[in-house]
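Spelled out, the chains give:
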Protein chains: 2
Amino acid sequence: MVSASGSVPTPDPSHPAAPAPPAPQTAPVPAERLRKVAAGILHALGAPAPYADQTAALLVEADLRGVDSHGTHLLGLYASRIRAGHLHPAAAPRVVRDGGATLLLDGGLGLGQVAGLEAVRLLVDRTRRHGVAAVAVREGTHLGALAAYTERAARAGVVCLCFQNGPTLVPPHGGLTPLFSTNPLSYAVPAHEEPPVVYDVATTAVAGNKLLLARKRGDATIPDGWANDTRGRPTTDPAAASVDHLRWFGGHKGFGLAVLVELLAGALTGSCFGATEDTASPAHGRERVAKGFVFLGLDPERFLPGGGFAARVDTLVREIRASEPADGVDRVLVPGQLEHERRAVREAEGIPLPDALREEINQYAAELGAPGLD
Amino acid sequence: MVSASGSVPTPDPSHPAAPAPPAPQTAPVPAERLRKVAAGILHALGAPAPYADQTAALLVEADLRGVDSHGTHLLGLYASRIRAGHLHPAAAPRVVRDGGATLLLDGGLGLGQVAGLEAVRLLVDRTRRHGVAAVAVREGTHLGALAAYTERAARAGVVCLCFQNGPTLVPPHGGLTPLFSTNPLSYAVPAHEEPPVVYDVATTAVAGNKLLLARKRGDATIPDGWANDTRGRPTTDPAAASVDHLRWFGGHKGFGLAVLVELLAGALTGSCFGATEDTASPAHGRERVAKGFVFLGLDPERFLPGGGFAARVDTLVREIRASEPADGVDRVLVPGQLEHERRAVREAEGIPLPDALREEINQYAAELGAPGLD
C-alpha cells in the first residue's frame, strides 16, 4: 500500500528521539475539555491566561488534526523548559523593526505560539495593505506545528509560507557535523469551497522517532533514505542507522531547502543559525531552545481580483483528487486533506488520548493545583 | 561514492525524454564566441537584437555553469517553436497590474528569458523600495535555468525565490493522470565574500532523461524513487519504469512543493495550471508552451541593516563546507558551489560543446545565413 499523503506531521525538532505515544486505550477526550486542562496547566506554570489559552488551543488543534507529536504531548517539554528558566511564559513579543511590508519581532524566549500568532496577525494585516509582506521573529521558542499558523493566514485569504530553524542536530548532506534542526517549512493556500491546501513537513526524511520505533518493533530493515550510520554512510539497517544522522528528504534537494530555512529563519532574523549562537538563552547547541522563524504572505487579490485565485485553487484540488489512482493506492490526496478529515472526526468524536499522556497531564495538573482530565 | 551536490541542473520540463548530449570530442568554444553565434541565430529567427543577446547570454551562462540541458542545446527547441508560430520572438512583456510591491506581467508568449529578466529587474527595484516584493508572469515560455534569474537578484543584494510551471507531464503523487510539469523551484541568497547560495531543482526526483540514459547503458537497476511503472507502482527496473510516471523527490514531500509551484506559477498568475488552459497559444496539454512563473524578493537590509545578513551567509556557507565529510565523500558542498566552480573553469578554458551540438548550431546558422562556430 503506497502512502499518498500530501502532508505529514512535522517531527518535533527539539527532541527527535522522543518515542511516539502508545495507542489509546480509554475514551476519547472532547477537544474543549483538553483545551481547558492544558490552559490551566500552562497558566499555573506562569503563562498569563490569554497566552495559556492561545498555546493550549494550538496544541489541541494539532491533536485534532492527528499530528499528535505536536499536540498536548508537548506540555511536558514546555513545563520542563519553563521550570528550568529556559522559556519565559509571560514574555510578550515586541516589534524590533517596522518597515511597513516587513517586520522584525523579538519573541523574548516566550511561548512560541504567542509570538507565532502575533506574527501571523501582523502578516495578514500587512499583506492586505501591501499585497506582499514578510514577518521575521528572533528569540522564538518551540512553535508547535507550523500548519496552525499558515492555515490561519490562508483562512484569512492570504497565501502564506513559514520557515523555522532550531538546535544543531542534523549534519549537512554528505557531512558529519551537526549544524541544523529538522528545519520544517509549511505553506497554506486559500481555496473557495474546498478547505485550504496545507503543507507542513520537516526537511529531514523522517523524525528520529520513526527510526527508534522501527528498532523497538524489531523491523529487519528501514526504508532507504531515512538515516545514515554514524560515519554518514546510507544504511537500511535499523541498528546501524543513527538518530544523529538523519537524511534530508530527497537527499541534496531536501538539504538545499534546509539551507534556505536556516538562512531565512536563522540568519535573516538575527537568531541563532548553524553553529552560531545569538540568544539570551543559556541553552546551546543541541539543547538550544531559541528558534527563529519567518512568515511570507501574498494577497491573491493583487494578481487575480474578484476571488479568481481561490476558485482556481478549488479547480486544481479537484483535478488532483480526481486523478486515476495508481495500483495499490485508494485515493489521491491533496496536501492537508488527511488532517482536515481527521479534524472533522475528532471534533465530533473527541481526541483518542493515549493512557500514558492522560496520566502525565493529570499528574502535572495535580502538582500545580490545576483541574485535571478526570 | 555519495554525491554531495547541493544543487543540480533543472531538467528541461518541455521535453524530459530528450537524451543528453554525447561527450565532447573537439576543442572547447570560448563563451563569447558561443554567445555571438547563438544571438545571431535567434536574431535571424526574428528576435530583436537585444532580445537575441539576452537569450543567448542566459543559454551560454547555463553551459558555463555545466547545466548543459539548459544551455545552447535548447536553440533547437526554440527554433522549432518559433518556426511553428508557438513562440513570438519579438513579443515584449507588458505590465498588466501594478500594485507597487506586487506586479503582474504578461509575457505575450515571447522568449521566456526576455520576460524573466524584465521580471527580475522589476523585482529588485520593488524589493529595494518596499523591502519585499512579488512579480508574477503569465503567458511566459521556456525560461532556461531558473538559477540565472535568482542569482541575478542575489548579486543585487536581494534574497530571491522563483517558481515555474509548465505542460501536463507528471501525475500527482499516488496518481496516474498527468497534471504537472517537473515544476522547478529556485532560490538564491546574497553572501558577502562568498558567492551567493544558489539552488535550482525540479520537484521530480530526476528528469526522464536520466531514466532513458540508464536504459541505453543497459543498467540492471535504477535507484528507488526515480520513477513508477505505467500503473504507478514504484520500480527499480529501468525497462518497467516510465518517463510518463516520474516520481516527486522525497515522495509526497516533493509533491507538496510541486503543488505550491503549480498554485503560485500557474493559478496565481492567471496562466495555465493543471488541466486548465488559459493561453492564447494553440499548443495544449503536454505540448503546452505557455508557462507561468513567480518571483519573490526580500531585502535583508530591512531585517539586519549594515550588511549583517550577507556576513552571516558567509558564516553558514563556511560552516557547511568545514563539516567533517561522511565516509566516501570528498567534500561537503553548498548549493550552487559546483556550478560556481565549473563556471570559473569554463570561462577560462571554454565550453566543451559536444560535436553533435556544434554541428546542429552550425547547420542552423547556415540555414539562416548567420555566422557559425567554425
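Notes on the structure in this doc start here. Note that the coordinates shown come from a computational prediction; the quantities given were computed from them, not determined experimentally. (Residues numbered from 1 in each chain as written. Chains lettered and ligands numbered in written order. Predicted model: local features only at pLDDT ≥ 70, side-chain atom pairs only at ≥ 80, totals over all residues. Heavy atoms only, no water.)

## Points about the overall build of chain A
Part 1 of the argument: Along chain A, the regular secondary structure elements total 10 helices and nine strands.
Part 2 of the argument: Compactness check: chain A gives a C-alpha radius of gyration of 20 Å against a globular reference of 21 Å for 374 residues, within 12% of the reference.
Part 3 of the argument: For chain A, the C-alpha atoms occupy an extent of roughly 55 × 55 × 45 Å along the three principal directions.
Part 4 of the argument: Residues classed as buried in chain A amount to 64% of the 374 residues present.
Part 5 of the argument: Taking contacts inside chain A between residues at least 6 apart in sequence as the whole, the part at least 24 apart equals 68%.
Part 6 of the argument: Of the roughly 12,200 Å² of accessible surface on chain A, 53% is carried by carbon and sulfur atoms.
Part 7 of the argument: Both charge centroids of chain A, one from 35 positive and one from 40 negative side chains, sit 3 Å from each other. (Helix = DSSP H or I, 4+ residues; strand = E, 2+ residues; numbered from the N terminus. Rg over C-alpha atoms; globule rule 2.2 N^0.38 Å. Buried < 20%, exposed > 50% of the residue type's maximum accessible area, 1.4 Å probe, protein only. Contact = heavy atoms within 4.5 Å. Areas by Shrake-Rupley, 256 points an atom, 1.4 Å probe, with all protein chains shown as cover. Lys, Arg positive; Asp, Glu negative; His and termini not counted. Charge placed at Lys NZ, Arg CZ, Asp CG, Glu CD.)

## Some words on the interface of chain A and chain B
Part 1 of the argument: On the chain B side, the residues contacting the 88 residues of chain A number 88 residues.
Part 2 of the argument: In total, about 7,200 Å² of surface goes out of reach between chain A and chain B, with carbon and sulfur atoms giving 69% of it.
Part 3 of the argument: Considering only the side of chain A, the residues that lose the most area to chain B are Lys253(A), Phe303(A) and Arg312(A), jointly responsible for 11% of the buried surface there.
Part 4 of the argument: Counting across the chain A and chain B interface gives eight salt bridges.
Part 5 of the argument: Residue Asp327(B) pairs with Arg233(A) through a salt bridge whose shortest N-O separation is 3.5 Å.
Part 6 of the argument: At the boundary of chain A and chain B, one finds 36 residue pairs in polar contact (both at pLDDT 80 or more).
Part 7 of the argument: Where the side of chain A that touches chain B is concerned, the elements lending two or more residues are β2 (102-106), β3 (132-140), β4 (159-164), β5 (185-189), β6 (197-201), α7 (252-268), β9 (291-298) and α8 (308-321) of chain A.
Part 8 of the argument: Ranked by residues supplied to the side of chain A that touches chain B, first place goes to α7(A) with 14 residues. (Buried area = accessible area lost by both parts, 1.4 Å probe. Salt bridge = Lys/Arg side-chain N within 4 Å of Asp/Glu carboxyl O. Polar contact = N/O pair within 3.5 Å; in protein donor to acceptor, adjacent residues only side chain to side chain.)

## Topic: helix α2 (residues 49-64) of chain A
Residue and element names in this part refer to chain A.
Part 1 of the argument: Relative to the 22 Å expected for 16 residues at 1.5 Å per residue, α2 spans 22 Å between its end C-alpha atoms, a close match to the ideal helical length.
Part 2 of the argument: The complete set of buried residues in α2 reads Tyr51, Ala52, Thr55, Ala56, Leu58, Leu59, Val60, Glu61, Ala62, Asp63 and Leu64.
Part 3 of the argument: Of the residues trailing α2, Gly66 is marked for its positive phi of about 85°. (Expected span 1.5 Å × (residues − 1).)

## As for the sheet that holds β2(A)
Residue and element names in this part refer to chain A.
Part 1 of the argument: With mixed pairing, seven strands are arranged side by side in an open sheet as β1-β2-β3-β9-β4-β5-β6. For this open sheet the edge positions go to β1 (94-98) and β6, each flanked by a neighbour on one side alone. Here the strands of the sheet are splayed against their neighbours by 15° on average, with no regard to which way each runs.
Part 2 of the argument: Here β2 pairs with β3 via five bridges, running parallel. (Pairing = 2+ DSSP bridges. Axes fitted to C-alpha atoms, helices over the stretch in contact; angles between N-to-C directions.)

## Brief notes about the relation of the copies chain A and chain B
Part 1 of the argument: With an axial shift of 0.0 Å and an RMSD of 0.0 Å, the rotation relating chain A to chain B amounts to 180°. Here the copies are linked by what is in effect a two-fold axis. Closest approach to the rotation axis among the C-alpha atoms of chain A is made by Gly250(A), whose C-alpha sits 2.1 Å away.
Part 2 of the argument: Taken as a fraction of all interface residues of chain A, those also at the interface in chain B reach 100%, which identifies the copy contact as same-surface. (Least-squares fit on C-alpha atoms with pLDDT ≥ 70 in both.)

## Some points on the sheet that holds strand β7 (residues 291-298) of chain B
Residue and element names in this part refer to chain B.
Part 1 of the argument: Read across the open sheet, the seven strands follow the order β1-β2-β3-β7-β4-β5-β6; overall the sheet is mixed. Each having just a single partner strand, β1 (94-98) and β6 (197-201) make up the two edges of the open sheet. Taken pair by pair, the neighbouring strands of this sheet meet at an average axis angle of 15°, ignoring direction.
Part 2 of the argument: When strand β3 (residues 132-140) meets β7, the two strands line up antiparallel, connected through seven bridges. By the bridge assignment, Val132 is partnered in β7 with Leu298.
Part 3 of the argument: This element, helix α5 (residues 147-155), spans β4 (159-164), β5 (185-189), β6 and β7 of the sheet and lies at about 20° to β5.

## Notes on the packing of aromatic side chains
All names here are of chain A.
Part 1 of the argument: In this structure the tally under the stated criterion is 13 aromatic pairs over all chains.
Part 2 of the argument: Between Phe180 and Trp248, the aromatic rings sit 5.8 Å apart at their centres with planes inclined by 85°, giving edge-to-face as the arrangement. You can see Phe180 sitting in the loop between β4 and β5 and its partner Trp248 sitting in the loop between β8 (234-235) and α7, a full 68 residues away along the chain.
Part 3 of the argument: Residue Phe180 is classed as buried on the basis of its relative accessible area of 0%. (Phe/Tyr/Trp six-rings, centres within 6.5 Å; stacked < 30°, edge-to-face > 60°.)

## Points about the packing of helix α2 (residues 49-64) of chain B against helix α9 (residues 337-349) of chain B
Residue and element names in this part refer to chain B.
Part 1 of the argument: For the pair α2 and α9, the least separation of the axes is 8 Å and the interaxial angle reads 105°. Taken as axis vectors, α2 and α9 run roughly perpendicular relative to one another. In contact with Glu61, Asp63 and Leu64 of α2, α9 contributes Arg342, Arg343, Arg346 and Glu347.
Part 2 of the argument: Across the contact of α2 with α9, the residue classes break down as one nonpolar, no polar and six charged. (Parallel < 35°, antiparallel > 145°, perpendicular 65-115°, else oblique. Nonpolar A, V, L, I, M, F, W, Y, C, P; charged D, E, K, R; others polar.)

## Some words on helix α8 (residues 308-321) of chain B
Part 1 of the argument: Taking 1.5 Å per residue, 14 residues should reach 20 Å; α8(B) reaches 20 Å between its end C-alpha atoms and fits that length.
Part 2 of the argument: Listed as buried for α8(B) are Phe309(B), Ala310(B), Arg312(B), Val313(B), Asp314(B), Leu316(B), Val317(B), Glu319(B) and Ile320(B).
Part 3 of the argument: Elements that come into contact with the buried residues of α8(B) comprise α7 of chain A together with β4, β5 and β6 of chain B.

## Digging into the pairing of β9(A)
Residue and element names in this part refer to chain A.
Part 1 of the argument: Where burial is concerned, most of β9 is hidden: eight out of the eight residues are buried.
Part 2 of the argument: Along β9, one buried face is formed by Lys291, Phe293, Phe295 and Gly297 and the opposite face, lined by Gly292, Val294, Leu296 and Leu298, is buried too.
Part 3 of the argument: Direction of pairing for β4 relative to β9: antiparallel, over a ladder of six bridges. Across the sheet, the residue bridging to Cys162 is Phe295, located in β9.

## Describing the state of the cysteines
Residues and elements named next belong to chain A.
Part 1 of the argument: Here the structure, examined in full by the defined rule, presents zero disulfides over all chains.
Part 2 of the argument: Not engaged in a disulfide, the cysteine Cys162 finds its nearest cysteine sulfur in Cys160; these two sulfurs lie 6.5 Å apart.
Part 3 of the argument: Here Cys272 is not cross-linked by a disulfide; its sulfur's nearest cysteine counterpart is in Cys162, at 17 Å.
Part 4 of the argument: On the basis of relative accessible area, Cys272 is assigned to the buried category, the value being 1%. (Disulfide = S-S within 2.5 Å.)

## Let's talk about unusual backbone geometry
Residue and element names in this part refer to chain B.
Part 1 of the argument: One non-glycine residue with positive phi stands out, namely Leu109, at about 55°.
Part 2 of the argument: Mapped onto the elements, Leu109 comes out in the loop between β2 (102-106) and α4 (112-130).
Part 3 of the argument: Not every positive phi belongs to a glycine, and Asn183 is a case in point at roughly 35°.
Part 4 of the argument: Along the chain, Asn183 turns up in the loop between β4 and β5.

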